[in-house]
Amino acid sequence: MSEAAGTPTDTPIDSLAVLEARGTTAEAFGIPLAVLAELTHRCPLQCPYCSNPLELERARDELTTDEWKRVLGELAGIGVLQIHFSGGEPAVRKDLTELVRHATDVGLYSNLITSAVLLTRGRLRALADAGLCHVQISFQGSDAASADRVAGFRNAHAQKLDVARWVRELDLPLTVNAVMHRQNLHQLPDIIQMAVDLDADRLEIANVQYYGWALKNRAALMPTLAQIEDATRIVEEAQARLKGTLAIDYVVPDYYALRPKKCMGGWGRQFFNISPTGKILPCHAAETITGLHFESMRGNRSIASIWRTSDAFNRYRGTGWMPEPCASCDYREIDFGGCRCQAFALTGNAANTDPACTLSPLHERIFRTAEAEASGEVSRFVYRNFKGGTPEADTHDDA
Ligand code: SF4
Ligand code: SF4
């Protein structure tokens, strides 16, 4: 790496050094406080809405243990405070405990985002002993049969329940992640109760966002407007009832929105993630936008330098790149024009206004698409895998 401010190190950085770095480089570059490390794209599950790209990165190309340690040291050195270990399934990596230990040593707060099915109680204890601070477990539903069908993995749901209990027995904070769509939204009250019964601190209820695998499966996943209205009412009631017991975050689906979400807090403003092969990305779906080149930590530039000056980060940063109607809109510094990946997926040009916005000329069309798909016949999934996807067998009863 070429810049001293972002110089990687394999030696632990003491907390004073981290604080000093935070007051200099991090402020100067506006470095995000939290970073997502996608350790691998390998995963035993096959969720049809997986946010990983359709072109999954292969195990042979993944960063080595030493390379990830270098990343962690470099992040701590430039003022990052939290590392989210994600994937694919991060527990596929045999060095996960070693990486958590290293994160602890360099002063990072670590969170594990996991499908849980590869975790034993012993492995979880080793992770806790290595300094793991928080665990997020994804659930595909509230009943085993339908959840296992969505995951494409037998017995996944029961294993997740076991692991969630071990997390709490080890006194680690627990977040339950639930991705919602047409085929599981009716389970929402039970999912909320499941999170309470598991003694979770937080429940993230996220309606599917449609890019990558989810776009491929959109017709099988798209909810009806009536489902979304019901879900919003159920969530609001639960948020009031469970205040102080369970914090509930709720992400509404774009296609039925009036304005787009402030995706990632704005492109290149508050977030980056690192792909299994070391690419520094503005969001986990950014590679769906063809024509952008994303630099890797394996090149000759520091992460801070890539964040600050790379073309991919600067292309849609701020408001200067915006076309009308965003360019003269009062909301342009509130939502930053919405999601670039969605604009690309739905219009073919990432610089267009996100069609989730009612001011986009394409908004009406995506709303009608959503309505038509939500009431359509398609219910079978294309499962996510390294072969480019496998259609679900003709064995389940169509919803
Ligand atoms: S969404 Fe499903 S398939 Fe994708 S990484 Fe998470 S658990 Fe694995
Ligand atoms: S026109 Fe652009 S800035 Fe205005 S609300 Fe829509 S997406 Fe946001």
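Keep in mind that this is a model prediction, so the values were computed, not measured.

About the criteria used
Residues numbered from 1 in each chain as written. Chains lettered and ligands numbered in written order. Predicted model: local features only at pLDDT ≥ 70, side-chain atom pairs only at ≥ 80, totals over all residues. Near = placed C-beta within 6 Å. Nonpolar A, V, L, I, M, F, W, Y, C, P; charged D, E, K, R; others polar. Helix = DSSP H or I, 4+ residues; strand = E, 2+ residues; numbered from the N terminus. Buried ≥ 20, exposed ≤ 12 C-beta atoms within 10 Å, placed from the backbone. Core = buried A, V, L, I, M, F, W, Y, C linked by C-beta atoms within 7 Å. Contact = placed C-beta atoms within 7 Å. Pairing = 2+ DSSP bridges.

**Remarks on the site of ligand 1**
The environment of ligand 1 is made up of Cys-43, Leu-45, Gln-46, Cys-47, Cys-50, Asn-52, Gly-87, Gly-88, Glu-89, Ser-115, Ser-138 and Arg-384. The residue inventory of the shell around ligand 1, partitioned by class, reads 4 nonpolar, 6 polar and 2 charged.

**Focus: the site of ligand 2**
Neighbouring ligand 2 are 14 residues, the closest being Cys-326, Cys-329, Tyr-331, Cys-357 and Leu-359. Each residue belonging to the shell around ligand 2 can be placed in one class, and the counts come to 7 nonpolar, 3 polar and 4 charged.

**Structural notes on the environment of Ala-356**
Tracing the chain through its elements places Ala-356 in the loop between helix H14 (340-347) and helix H15 (363-374). Ala-356 gets classed as buried once you count the C-beta atoms within 10 Å, which come to 28. On a C-alpha basis, the gap between Ala-356 and Ala-220 in space is 20 Å, while along the polypeptide they are 136 residues apart.

**Description of the nonpolar core**
With 110 residues, the main nonpolar core has Leu-72, Leu-75, Leu-203 and Cys-341 as its most contacted residues. Those residues in contact with Leu-203, other than ones at most four positions away along the chain, are Val-176, Ala-178, Ile-192, Ala-195, Leu-246 and Ile-248.

**Topic: the sheet that holds strand S3 (residues 109-114)**
Sheet strands line up and pair through hydrogen bonds in the backbone, either parallel or antiparallel. Taken in spatial order, the 9 strands make up an open sheet running S7-S6-S5-S4-S3-S2-S1-S8-S9, and their pairing is mixed. Both edges of this open sheet fall to strand S7 (247-251) and strand S9 (280-281), since each of them pairs with a single strand only. For strand S4 (residues 134-139) and strand S5 (residues 174-180), the ladder comprises 5 bridges, and the chain directions are parallel. Note that in S5 the partner of Ile-137 across the bridge is Val-176.

That is the geometry; function is a separate question.
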